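Examination of the molecular architecture
Residue-level listing of the chains:
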Amino acid sequence: MDLITYFKNTRFRRNKTRVGRSSAFLVGLSLALCIASADLPVLRCNVSAENSSKILLEFDTVSAKTNTYQVLISETVYSDGQRMTNLYREDFKVQETPAENGKALRTIVCVGSVTPVGGAIKKLEPSGYYLTVDKTGRILEVRGLKPWDGRRMETIWLAQALLPENPVEPGDTWIINDAFFSKTTGGKTPEKRAYRFIGTESWDHVTVYKISYEIVGKGQDDRQDYTYVSTGTFYLASGNLVKLDASEMVTYAGASEDSKIITMIQASAVK
């Protein structure tokens, strides 16, 4: 072996040794970082790609706030072969105060008017009542709720929005069979509620969550059996209801005459 070949071989072995040491060092460093990261809470919070798009939908029950809504209602009553339609305009002020155990107390004051089709506008007496709710929107207690001017049945439109207890992603559904506050009497009615999380929209750079629903209930009002069906879509932003589009139909039977009430509701938050 000549001198030039000897030096070439020596340099190659040295470079190979350096590469091996560098590789071993990098492997050791990576292993050490992996072991250390196991104790870091911020890294343990990472979720799998399967769950990364899930969102926990909740109402904000920890902030004291006041929301105002404009509610437009078209109510058509079919009874004894006659049809009568009333148009309601209601302005709601909802003052919310945090309560214990993640609940909130809503103080609701409403003023409005009703216009029979073909008739004159009539002001309604101011109405006020109290709701205790949780983060899912479930109404736990109702106080002071009463009908207006002989109106036979008025849905608490705020009760339509009921959220799941677990995170969801677009397309997920949840079904609840239970008794809910839904009438002006303050009583509970057995209902089956089916919801679907549609997805998100951007309104003035604010993320809004869109949820559709269908509610079916049966009960008795003034000794007359009825069936109640409601479908609609509501929108949430920053933990608050910002819009609701709903249609309702109440069908009465079992008395001297059958009757039906079809109601269209549009509630919008006022900025």
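It should be noted that the structure appears before, not after, this text.
These remarks concern the structure in this document. Computed from a predicted model, the values in this text were never measured in an experiment.

Some points on the overall build of the protein chain
Helix and strand counts for the protein chain stand at 2 helices and 11 strands. Buried positions account for 35% of the 271 residues belonging to the protein chain. Considering only contacts in the protein chain between residues 6 or more positions apart, those separated by 24 or more positions represent 52%.

Observations concerning the environment of G144
Tracing the backbone shows G144 in the loop between β5 (139-143) and β6 (173-181). Expressed as a C-alpha distance, the spacing of G144 and L131, which sit 13 residues apart in the sequence, is 9.1 Å. Contact partners of G144, with chain neighbours within four places excluded, come to G128 and Y129.

Focus on the sheet that holds strand β8 (residues 206-221)
The 11 strands are arranged β5-β4-β3-β2-β1-β11-β10-β9-β8-β7-β6 in an open sheet whose pairing can be described as antiparallel. If you trace the sheet from one side to the other, it starts and ends with β5 and β6, each paired once. Adjacent strand axes in the sheet meet at a mean angle of 20° when their direction is disregarded. The sheet contact formed by strand β4 (residues 122-133) and β5 spans 4 bridges and is antiparallel. Across the sheet, the residue bridging to V133 is I139, located in β5.

Some thoughts on the pattern of salt bridges
A side chain with one charge can pair with a side chain of the opposite charge if their charged atoms come near. By the definition in use, this model includes 11 salt bridges. Of the charged contacts, one joins K135 and E58 as a salt bridge, the two residues approaching to 3.5 Å between their closest N and O atoms. Taken together, the residues K135 in the loop between β4 and β5 and E58 in the loop between α2 (41-44) and β1 (65-79) connect sequence positions 77 residues apart. Put simply, D60 and K65 hold a salt bridge, and the shortest N to O gap is 3.7 Å. Here the salt bridges do not stand alone but share partners, grouping D60, K65, E96 and R106 into one network.

As for the packing of aromatic side chains
Per the counting criterion, the structure on display carries 7 aromatic pairs. Ring geometry for Y195 and F234: centres 6.3 Å apart, planes at 75°, overall edge-to-face. Pair noted here: Y195 is in strand β7 (residues 188-203) and F234 is in strand β9 (residues 224-237), with a separation of 39 residues, a long-range link. Considered together, Y195 and F234 belong to a single accessibility category, that of buried residues.

What to know about the nonpolar core
With 49 residues, the main nonpolar core has L131, I156, W157, I211, F234 and L241 as its most contacted residues. Sorting elements by how many residues they give to this core places strand β10 (residues 240-253) first, with 5 residues. Dropping the residues within four chain positions of it, W157 is found in contact with Y69, V71, F92, L241, L244 and A267.

Here's the deal with the environment of A253
Along the chain, A253 falls in strand β10. Looking at A253, the relative accessible area reads 35%, which means it is partly exposed. Between the alpha carbons of A253 and Q224 there is a distance of 6.4 Å; along the sequence they are 29 residues apart. Those residues in contact with A253 that sit more than four places away from it in its chain are Q224, D225 and D258.

Concerning the pairing of β8
Note on strand geometry: in a regular strand, side chains alternate between the two faces of the sheet. Here β7 runs beside β8; their pairing, made up of 12 bridges, is antiparallel. Across the sheet, the residue bridging to S202 is T207, located in β8. Between the end of β7 and the start of β8, which pair antiparallel, lie 2 residues, with D204 showing a positive phi angle near 50°. As judged from the 13 bridges shared by β8 and β9, these two strands associate in the antiparallel manner. Within β9, the residue paired with G219 across the bridge is Y226. Taking the residues that link successive antiparallel strands as the turn, the β8-β9 hairpin has 2 residues, and the phi of D222 there is positive, at about 55°.

What counts, and where the lines are drawn
Residues numbered from 1 in each chain as written. Predicted model: local features only at pLDDT ≥ 70, side-chain atom pairs only at ≥ 80, totals over all residues. Heavy atoms only, no water. Helix = DSSP H or I, 4+ residues; strand = E, 2+ residues; numbered from the N terminus. Buried < 20%, exposed > 50% of the residue type's maximum accessible area, 1.4 Å probe, protein only. Contact = heavy atoms within 4.5 Å. Pairing = 2+ DSSP bridges. Axes fitted to C-alpha atoms, helices over the stretch in contact; angles between N-to-C directions. Salt bridge = Lys/Arg side-chain N within 4 Å of Asp/Glu carboxyl O. Phe/Tyr/Trp six-rings, centres within 6.5 Å; stacked < 30°, edge-to-face > 60°. Core = buried A, V, L, I, M, F, W, Y, C linked by side-chain atoms within 4.5 Å.

These figures come from the coordinates and say nothing about function on their own.
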